[in-house]
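# Summary of structural features
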Amino acid sequence: MGQHRGRMVSITDREDDGSRRSPPPPASGPPAWTSWLQIGLSSMLAVLFLVILGKTREQSQLLMKLEQRLQGLENSRALDRTSVLEEQQRAMVGRIQTLEAGAQRLEALEQQQDEWRSALADLQGRAVRRPQRDPDPFPAAPMPSPGPGGRPGQAPADRGEGGGVLRPPPVSTP
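Definitions and cut-offs
Residues numbered from 1 in each chain as written. Predicted model: local features only at pLDDT ≥ 70, side-chain atom pairs only at ≥ 80, totals over all residues. Heavy atoms only, no water. Helix = DSSP H or I, 4+ residues; strand = E, 2+ residues; numbered from the N terminus. Buried < 20%, exposed > 50% of the residue type's maximum accessible area, 1.4 Å probe, protein only. Areas by Shrake-Rupley, 256 points an atom, 1.4 Å probe, with all protein chains shown as cover. Patch = residues over 30% accessible without salt bridge, like charges linked within 9 Å, V, L, I, M, F, W, Y side chains within 5 Å. Salt bridge = Lys/Arg side-chain N within 4 Å of Asp/Glu carboxyl O. pLDDT = per-residue confidence, 0-100. Lys, Arg positive; Asp, Glu negative; His and termini not counted. Charge placed at Lys NZ, Arg CZ, Asp CG, Glu CD.

A word on the overall build of the chain. Of regular secondary structure, the chain possesses three helices and zero strands. For the chain, the sequential pattern of α-helices and β-strands runs α-α-α. Taking all 174 residues of the chain together, the buried fraction comes to 1%. Total accessible area on the chain stands at roughly 17,100 Å², and carbon and sulfur atoms take up 59% of it.

In structure tokens form, the structure reads like this:
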């Protein structure tokens, strides 16, 4: 019997065996190709992200180089402007120094002219005051008139007459 039992197959057993051997019923989830599609899209997005990141870095480096060049150009232009302004300043300083030297010479000439004017005024003042204060100690003798023969005659003071000519007293020296 033990052998028979093993060989005997019941109807219920056959249904069970058939259900086991038959393919499982389709699952209610997405098909298998959709997972491959998701993996492909995710990897493509990752690659695109990396490409965009690389391009962004490349552009930022290019921008930095351009900024450095621009800064260099601005610095060179500023240096050129500074050089031109420095030359103009030097020329202006030279002109100012020339003007200052001319002004100093002019002031010296004006001062000398003022000194000469005051000296001239002093001399003119002395010349006007002198005859009033001191008579000339040596009056000019009149020129002898020619006598009857065309010869000059003697002056009355020389004749010894004392004919009215005043002579100053002799100057005594100590």
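Right, let's get into a nonpolar patch on the surface. Residues Trp33, Leu37, Leu41, Met44, Leu45 and Leu48 make up a contiguous nonpolar surface patch of roughly 650 Å² in combined accessible area. For Leu41, the position within the fold is in helix H3 (residues 32-133).

Any segment with low pLDDT has predicted coordinates that should not be analysed in fine detail. In this model, the chain carries an average pLDDT of 78, and 58% of its residues clear a pLDDT of 70 or more. Least confident of the elements in the chain is helix H1 (residues 2-7), whose mean pLDDT is 51; most confident is H3, at 93.

A cluster of acidic residues, Glu107, Glu110, Asp114 and Glu115, forms a negative patch at the surface. With respect to the element layout, Glu115 can be found in helix H3.

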